[in-house]
There are 2 protein chains.
Amino acid sequence: MDMFFYPSSVVVIGASNSPFNLGATICRALNEYSTYNGVVYAVNRKAEDVAGCSGFVSVEDIPGSIDLAVIITPAGVVSGFVRQCADKGIKHIVIESAGFSEEGPKGLAMQQEIDGIANAHGIRVMGPNCLGVLNTKNRFCCFYGIQEENFKTFAHETGSISYIIQSGGIVVMIMEAFKTDVVKANKVVSIGNKSDIDEADVLEYFNKDKGTEVIGIYLENIKEGRRFIDAAKKVTKPMLVYKVGKTKEGSKAAASHTAGLANNDLVFDNACKQAGIIRVNSISELYGLPKIFTCMPPLKGKRIAVFTNSGAFGGISADLLVQSGLEMARLSPETQQRLEKTGQIFNVSNPVDLGPTISMQTFTDIFDILLSSDEVDGLLPVPSLWHPMVIEAIGELVKKCMKYKKPAAIYTPNAAFKTISYRAEHKVPLFESLEEAVRALCVSYRHHLYMERKTHMPVSDGDMKQYPDK
Amino acid sequence: MDMFFYPSSVVVIGASNSPFNLGATICRALNEYSTYNGVVYAVNRKAEDVAGCSGFVSVEDIPGSIDLAVIITPAGVVSGFVRQCADKGIKHIVIESAGFSEEGPKGLAMQQEIDGIANAHGIRVMGPNCLGVLNTKNRFCCFYGIQEENFKTFAHETGSISYIIQSGGIVVMIMEAFKTDVVKANKVVSIGNKSDIDEADVLEYFNKDKGTEVIGIYLENIKEGRRFIDAAKKVTKPMLVYKVGKTKEGSKAAASHTAGLANNDLVFDNACKQAGIIRVNSISELYGLPKIFTCMPPLKGKRIAVFTNSGAFGGISADLLVQSGLEMARLSPETQQRLEKTGQIFNVSNPVDLGPTISMQTFTDIFDILLSSDEVDGLLPVPSLWHPMVIEAIGELVKKCMKYKKPAAIYTPNAAFKTISYRAEHKVPLFESLEEAVRALCVSYRHHLYMERKTHMPVSDGDMKQYPDK
């Protein structure tokens, strides 16, 4: 698998200077927007150079060896190029062209022909019908159609979240979301029809990959259920999965997109619980939740302390926490007395109501008291951004969480636009809604429990049912 | 009630030129930011003029009659001022001061003293512990602390959504959200501890109010359940309610905020179904969903057609629609043939996959075919904003929906920031997530069913259970 992420020589088959040519967008990304320092060739009918990449009519004409071929041509000519790759000794091919099994029997036959050639020559194939690969470590990216702006914001910074995504459209959405978030991608793979490489292969690779801390997965179908679940059982990193096809209608629609067979959703759900996979409820959770893992220590218990200067959000927070299976921490009279001494606190029981304090000392005292208390496992802070000092206090809170090894899922009671603007400007891990912040605590706790089971504590299925997973 | 919204003379008791004085912010809003053309007086110890409002030491000193008093002083002196108002013949008072029943027995006693005076003199009281009243029709606003920027964006434009909100913090959030949305407020009331005027009173008023098309309600408790439900039963406008206290812990937290007694949530839930009230699942739904009522015709059936150019979102849409109780419309071979002829369509069954078309004619043909079909009750369009033409097409779609009297809940598959930016710039009714768009269709359909029951068709409780409400 490494050659898909760290190739030192690449050929883009189908890249030309024709208007709207998609292969050319890959050449531009690699040669113009990126600092990727491998060599890139183009193959097209006229042997034209494309965006500075030397052009050839055939793969065989290229001098020297090639680590990776990216094919983006009409479906009908793909198998011919796969043969050329085989003759050239290329062992890794990304086929981005569409028009295969997702389009019916004729496309399936073409896909099977390619499989035959690849198998005979020991070639690993990614795709067809996929967006390709991104590795932010070496800035290698063969996403067709990627714009310079997206490349600069998404592919130029190395983060720690890696994705396995069955649809190019979802990759685009994650790129967009990460523009304004504190987390960034490490590696992204769009696996398409997965005639060869599938979710299980990439999952195994990401589990061993040093740069990857969290794995996000979007699936429209599972190729080999057993293999995927077995691979997942060995993974110790948080895995967040969104799977389409919860209903008959959703499965049917997905099948026309990436050609998969419907999977029984209930079976999949149980398998996820067995394998320690967290199912997320929306695409936005797939990019919104990972920061609870990368910016915060894990949640190791259910008892959450809320602090806010909005009475309304104190009550709403309590509702959401309890409904999600977590608990409102009970603060002892001693802890309440300590809180009382920090300043002008409206309410020292949980939810703690800060009132309109603008004392940084009051804020940091509260952080210390709550995070050091053995009555509290984690925090749900909901401070209004009514004063610039509050954003500084949030920065302090992040440090304190690291010190005390307890997480805080921070939400400022704003409509999404303002929250996102603040997060982008001040680089603090804000969640976009209170519901998302509570969900983040849930998935953090759930992953902690999974890890306990995977590492030393066998937990029965009956026990798992008590785990919060809403 | 009219005097709370259309006073022609107002006194702000407690407005002074002291630093951080909250009463002064009301004088500034009315006299400086607003085009409100009533007369505004200030009452303070030094008889100072505040922001151009003539100042007096006592209410009795003010010449002429006064329609409305706004009191924002320390709790301990409020009753004295209420007496002055009574002597002056003022019949409408907004008490914004906090420190009453929400703070325990002593505060409750003060509140009861005020009630006694008010009752004896036939005075209607709003509050205490509230943010006050906004009417965008005459630009009257007595929200303490409102900033010029918020006033200009929120209170200067007249919309058709009116709110009954028990917490000032939630009003602030709605103000913020409406800055970037296509809908605007008509009237907003923050009712606080509601010692006199409560949700039932305001609901009756809003039902008769011509400018109000949709009523949004945020409650931490219900003062008189039976009266509220009876009032709601008579309302024919959509009512969206968020109520805190779904759990014991949430009720407890809310009680410390606005002093209400916990209500049984299940009883409330059933009462809402009886009275035709739609419960929303988050604060963001309270400001995000009303546009389905004001920008679109009602949904009169369950059969939804999805069209998108993202294969992934086709499948996700189908899942969400079916899970929420709606249905994927079945397109007949005839309809599919008509779609086939519009151009380069990838998939003519539902979800319709547009492919990368940039032909306005193709878009409008699809709108006409789907909206005119008796197989379709409403649309869930999920077009990518990859070309400027798409946003124009969305504008056309809004017009077509009006023509065919069927709604579309439009979502562009983007992360929230971009969606909100587009919506603000192009004034099109975009929902911020696919989940929210599906919810909008559900609440539109639910309101339609409630209206059928309220206007001519008695529906049994058993039937109501089949209605989508997720």
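Please read these numbers as outputs of a predicted model, since none were measured by experiment.

With respect to the overall build of chain A
Per the secondary structure count, chain A includes 19 helices and 17 strands. The C-alpha radius of gyration computed for chain A amounts to 25 Å, which stays within 12% of the reference 23 Å derived for 470 residues, consistent with globular compactness. Each principal axis of the C-alpha atoms in chain A carries an extent, and together these give about 80 × 45 × 35 Å. The burial tally for chain A puts 64% of its 470 residues in the buried class. Residue pairs in contact within chain A that sit at least 24 positions apart in sequence constitute 74% of those at least 6 positions apart.

A few points about the nonpolar core
One broad trend across soluble globular proteins is that nonpolar side chains are buried collectively. F143, Y218, I316 and L380 of chain A together with Y218, I316 and L380 of chain B are the most contacted members of the largest nonpolar core, which has 196 residues in total. Once you skip the residues sitting within four places of it in the chain, I316 of chain B turns out to touch I170, Y218, Y242, V244 and I283 of chain A together with L434 of chain B.

Examining the relation of the copies chain B and chain A
Overlaying chain B with chain A gives an RMSD of 0.0 Å, the required rotation being 180 degrees about an axis along which the chain moves by 0.0 Å. Those values place the two copies in the arrangement expected of a two-fold rotation axis. Using C-alpha coordinates, one finds that chain B approaches the rotation axis most closely at F417 of chain B, a distance of 2.9 Å. The fraction of interface residues of chain B whose copies in chain A are also interface residues reaches 100%, indicating that both copies meet through the same surface.

With respect to the confidence of the model for chain A
Residue and element names in this part refer to chain A. With 95% of its residues at a pLDDT of at least 70, chain A reaches an overall mean of 92. Within the model, pLDDT remains below 50 along residues 459–470, and this stretch shows 26 contacts once partners closer than five positions in the same chain are excluded. Across the whole predicted complex the pTM is 0.93, and at the interface the ipTM reaches 0.92.

Comments concerning the interface of chain B and chain A
Each side of the interface is counted separately: chain B has 49 residues, and chain A has 49 residues. Roughly 3,400 Å² of surface becomes buried between chain B and chain A when both sides are summed, with 64% attributable to carbon and sulfur atoms. Counting every contact that joins chain B to chain A gives 0 salt bridges. Put simply, chain B and chain A have 10 residue pairs in polar contact (both at pLDDT 80 or more) between them. Here the residues of the side of chain B that touches chain A are counted per class, giving 23 nonpolar, 17 polar and 9 charged.

Examining the side chain of S160 of chain A
Within the secondary structure, S160 of chain A sits in the loop between α5 (148–155) and β9 (161–165). For S160 of chain A, a relative accessible area of 13% puts it in the buried group.

Concerning the pattern of salt bridges
All names here are of chain A. This model, assessed by the stated rule, comprises 44 salt bridges over all chains. In this structure, R423 engages D181 in a salt bridge whose closest nitrogen and oxygen atoms are separated by 3.3 Å. Residue R423 is located in helix α17 (residues 416–426), and its partner D181 is located in the loop between α6 (168–178) and β10 (185–190); the two are separated by 242 residues in the primary sequence. Take D181: its relative accessible area is 6%, and that puts it in the buried class. A single network of salt bridges, built from pairs that share partners, joins R124, D196, D198, D201, E224 and R227.

Focus: the environment of V443 of chain A
All names here are of chain A. Positionally, V443 belongs in helix α18 (residues 434–455). Distance in space between the C-alpha atoms of V443 and A24 is 41 Å, their sequence separation being 419 residues. Aside from chain neighbours lying at most four places away, what touches V443 is I278, L289, I292 and F293.

Description of α6 of chain A
Since there are 3.6 residues in each turn of an α-helix, residues three or four apart along the chain are aligned in direction. Residue and element names in this part refer to chain A. By the criterion of burial, α6 is predominantly enclosed, with 8 of the 11 residues buried. Regarding α6, the residues found buried are I170, V171, M173, I174, M175, E176, A177 and F178. With a side-chain oxygen positioned 3.2 Å from the backbone nitrogen of G169, the residue opening α6 is S167.

Calculation notes
Residues numbered from 1 in each chain as written. Chains lettered and ligands numbered in written order. Predicted model: local features only at pLDDT ≥ 70, side-chain atom pairs only at ≥ 80, totals over all residues. Heavy atoms only, no water. Helix = DSSP H or I, 4+ residues; strand = E, 2+ residues; numbered from the N terminus. Rg over C-alpha atoms; globule rule 2.2 N^0.38 Å. Buried < 20%, exposed > 50% of the residue type's maximum accessible area, 1.4 Å probe, protein only. Contact = heavy atoms within 4.5 Å. Core = buried A, V, L, I, M, F, W, Y, C linked by side-chain atoms within 4.5 Å. Least-squares fit on C-alpha atoms with pLDDT ≥ 70 in both. pLDDT = per-residue confidence, 0-100. Buried area = accessible area lost by both parts, 1.4 Å probe. Salt bridge = Lys/Arg side-chain N within 4 Å of Asp/Glu carboxyl O. Polar contact = N/O pair within 3.5 Å; in protein donor to acceptor, adjacent residues only side chain to side chain. Nonpolar A, V, L, I, M, F, W, Y, C, P; charged D, E, K, R; others polar.

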